[in-house]
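These are the residues of each chain, in order.
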Amino acid sequence: MEAYKCDRCGSFYTENARKVSDMTGDFIGGCATLTAGGSRDKRFDLCDDCVSDLLIFLKCEEESDHEPINNNGA
Ligand SMILES: [Zn+2]
């Protein structure tokens, strides 16, 4: 089993549970920054709580949609 450390909050987790969409079944594992030319710059691993905060920040979700997912055993 692999463990990850969230690059934003520092918590440890083993998997992400937030789906990209109900259609794909893929999970959101983080985000990346792009250069002005569109090349990928840096990748950031994110726990599900920080993924939720990012989606709210990006206006992809409403704050009321936020349901914390705690899968780090804490
Ligand atoms: Zn986090």
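For the structure itself, consult the block above.
All values derive from a computational prediction rather than experimental measurement.

The rules behind the values
Residues numbered from 1 in each chain as written. Predicted model: local features only at pLDDT ≥ 70, side-chain atom pairs only at ≥ 80, totals over all residues. Helix = DSSP H or I, 4+ residues; strand = E, 2+ residues; numbered from the N terminus. Buried ≥ 20, exposed ≤ 12 C-beta atoms within 10 Å, placed from the backbone. Contact = placed C-beta atoms within 7 Å. Pairing = 2+ DSSP bridges. Core = buried A, V, L, I, M, F, W, Y, C linked by C-beta atoms within 7 Å.

Chemist: Talk me through the overall build of the protein chain; I want residue IDs and the actual numbers.
Modeler: When its secondary structure is counted, the protein chain shows one helix and four strands. Written out in order from the N terminus, the α and β elements of the protein chain read β-β-β-β-α. Per-residue burial for the protein chain yields a buried fraction of 11% across its 74 residues. Long-range pairs, those at least 24 residues apart, make up 41% of the contacts in the protein chain with a sequence separation of at least 6.

Chemist: How would you explain helix H1 (residues 48-57) if you had to name every residue and give the values?
Modeler: All buried positions along H1 are accounted for by Asp48, Asp49, Cys50, Val51 and Ser52. Lys59, located one to two residues past H1, shows a positive phi value of around 65°.

Chemist: Could you give an account of the pairing of strand E3 (residues 30-34), with specific residues and numbers?
Modeler: Little of E3 is tucked away: zero of the five residues are buried. Where E3 and strand E4 (residues 40-45) come together, four bridges link them in antiparallel fashion. Within the sheet, the bridge partner assigned to Ala32 lies in E4 and is Arg43. Connecting E3 to the next strand, E4, in antiparallel fashion are five residues, including Gly38 with a positive phi near 100°.

Chemist: Go over the nonpolar core, please, and point to the residues and values.
Modeler: With five residues, the main nonpolar core is built from Tyr13, Leu46, Cys47, Cys50 and Val51. Setting aside chain neighbours within four positions, we find Cys50 in contact with Cys6, Arg8 and Cys9.

Chemist: Could you give an account of unusual backbone geometry, with specific residues and numbers?
Modeler: Leaving glycine aside, a negative phi is the common case for residues, and trans is the common case for peptide bonds. In the Ramachandran plot, Lys59 falls in the positive-phi region, its phi being about 65° despite a non-glycine side chain. The topology assignment puts Lys59 in the segment after H1. Lys59 sits in the exposed class, given 7 other C-beta atoms within 10 Å.

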